[in-house]
Amino acid sequence: MTWSTRELADLAGTTVNTVRHYHALGLLDEPSRRYNGYKQYRVPHLVRLLQLRRLAELGVPLAQIGAQDGSGLKDALRSLDAALHDAIERSQRARADIAAILHADAPVDTPHGFESVAARLSETDRALIHVCTQLYDPDAVAHLRRMVMAEPPAVSAKLAALPPDASDAIRERLAGEVARVGANWRSTTWPWLHAAAKQTLVQALAELYNPAQHDVLRRAAAAAHEQPDVADHQRAS
């Protein structure tokens, strides 16, 4: 019994174009032909086509199928397994982050781990946190998260609403509030910041916050260093 290209493709659960593609790559031998030119596929062609479909189903690249023997294909499978493991872990982390964002009704671009407080943070603060999480190591990010959570929402809101032309008295008063919190997470004086990271953070603060807000943060940092209890709190956080 023989089959046409269409019949072979149907038997293998694939398409005529796929069969032709395998022929073009040299992965599937050309069959003999009838007197009228029609191809005559037999069982070995079906078996080979099913094997190729199985390897493709597993994710083995077609280029590797033709270039490697059984041992090489095992190595390819091991590499695929490692890649799939990493992809599954990334998907699981993404699902957990999505669940946290939806549960907290947080903005969709919220940095990982800050979902519970994101709704009360300004867009500017969230942007700065994105920069910080890129610059900090995991321990420093955990430290940052604790400080962000410790900042009273009222202080965050006042800083976010501060207009560029705020008076000196208003700036000084707000700087005092930020400093008294004892967790000025927008500071650029953390010991884990190397020179390049500090420069990036300084630039981010200057460009993300308006002049009055930036001035308040500068004053708060200065005030925190003048208050021993606050400075001690920041070092211990």
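This part is about the overall build of the chain. In terms of regular secondary structure, the chain is built from 13 helices and two strands. The C-alpha radius of gyration computed for the chain amounts to 31 Å, which surpasses the reference 18 Å derived for 237 residues by more than 25%, pointing to a less compact arrangement than a globule. Projected onto its principal axes, the C-alpha coordinates of the chain cover approximately 100 × 35 × 30 Å. Relative to its 237 residues, the chain shows a buried fraction of 39%. If you take every contact in the chain between residues at least 6 apart in sequence, the share linking residues at least 24 apart comes to 60%. Of the charged side chains in the chain, 27 are positive and 28 negative; the average position of the first set lies 8 Å away from that of the second.

Looking now at the environment of Pro44. Positionally, Pro44 belongs in helix α3 (residues 43-58). Among the residues examined, Pro44 registers a relative accessible area of 59% and is labelled exposed. Residues Pro44 and Pro31 lie 13 residues apart in sequence; the distance between their C-alpha atoms is 9.9 Å.

The next thing to look at is the pattern of salt bridges. Inspection of every chain in the model, using the stated rule, returns 12 salt bridges. Put simply, Arg186 and Asp125 hold a salt bridge, and the shortest N to O gap is 3.0 Å. Here Arg186, found in the loop between α10 (168-181) and α11 (195-208), pairs with Asp125, found in helix α7 (residues 123-135); they are 61 residues apart in sequence, far enough to count as distant. Side by side, Arg186 and Asp125 carry an identical accessibility label, which is buried. A salt bridge links Asp215 to Arg171, with the nearest nitrogen and oxygen atoms 3.2 Å apart.

Turning to the side chain of Gln40, a few remarks are in order. Its location among the elements puts Gln40 in strand β2 (residues 39-40). For Gln40, a relative accessible area of 17% corresponds to the buried category. At a separation of 3.4 Å, a polar atom in the side chain of Gln40 contacts the main-chain carbonyl oxygen of Arg33. Leave out the neighbours within four places in its chain, and Gln40 touches Thr2, Trp3, Pro31, Ser32, Arg33, Arg34 and His45.

The subject of this paragraph is the environment of Tyr209. Mapped onto the secondary structure, Tyr209 falls in the loop between α11 and α12 (211-226). Sequence spacing of Tyr209 and Gln199 is 10 residues, and the spatial spacing of their C-alpha atoms is 16 Å. Contacts of Tyr209, omitting those with residues within four sequence positions, involve Thr124, Asp125, Leu128, Trp185, Arg186, His214 and Leu217. Here the side chain of Tyr209 touches Asp125 through a polar contact of 2.5 Å, side chain to side chain.

What follows is about the confidence of the model for the chain. Averaged over every residue, the pLDDT of the chain is 90; residues scoring 70 or more account for 92%. Taken element by element, the chain is modelled with least confidence in helix α13 (residues 228-236), mean pLDDT 45, and with most confidence in helix α1 (residues 5-12), mean pLDDT 96. Taken together, the stretch residues 228-237 has pLDDT below 50 and engages in 15 contacts with residues farther than four places along the chain or on a different chain.

The α-helix winds at 3.6 residues per turn, so residues separated by three or four positions along the chain end up facing the same way. In this model, α7 (13 residues) spans 19 Å end to end at C-alpha, consistent with the 18 Å of a helix rising 1.5 Å per residue. For α7, the complete set of buried residues consists of Asp125, Arg126, Leu128, Ile129 and Cys132. All buried residues of α7 fall inside an arc of 160 degrees around its axis, so they share one side. Facing away from the buried side of α7 by more than 90 degrees, the exposed set consists of Glu123 and Gln134. In this structure, the buried residues of α7 make contact with α6 (115-118), α8 (138-150) and α11.

What follows deals with the packing of aromatic side chains. For the structure on display, the rule yields two aromatic pairs. Here the aromatic rings of Tyr136 and Trp192 are separated by 5.4 Å at their centres, their planes lie at 70 degrees, and the arrangement is edge-to-face. With Tyr136 in the loop between α7 and α8 and Trp192 in the loop between α10 and α11, this pair connects stretches of sequence that are 56 residues apart. For the pair Trp190 and Trp192, a centre-to-centre distance of 5.3 Å together with 10 degrees between the ring planes defines the contact as stacked. The rings of Tyr136, Trp190 and Trp192 are connected pair by pair, giving a single aromatic cluster. The aromatic ring of Phe114 is capped on one face by Arg145, whose charged end is 5.3 Å from the ring centroid.

About the thresholds
Residues numbered from 1 in each chain as written. Predicted model: local features only at pLDDT ≥ 70, side-chain atom pairs only at ≥ 80, totals over all residues. Heavy atoms only, no water. Helix = DSSP H or I, 4+ residues; strand = E, 2+ residues; numbered from the N terminus. Rg over C-alpha atoms; globule rule 2.2 N^0.38 Å. Buried < 20%, exposed > 50% of the residue type's maximum accessible area, 1.4 Å probe, protein only. Contact = heavy atoms within 4.5 Å. Lys, Arg positive; Asp, Glu negative; His and termini not counted. Charge placed at Lys NZ, Arg CZ, Asp CG, Glu CD. Salt bridge = Lys/Arg side-chain N within 4 Å of Asp/Glu carboxyl O. Polar contact = N/O pair within 3.5 Å; in protein donor to acceptor, adjacent residues only side chain to side chain. pLDDT = per-residue confidence, 0-100. Expected span 1.5 Å × (residues − 1). Arc of directions from axis to C-beta. Phe/Tyr/Trp six-rings, centres within 6.5 Å; stacked < 30°, edge-to-face > 60°. Lys NZ or Arg CZ within 6 Å of the ring centre and 35° of its normal.

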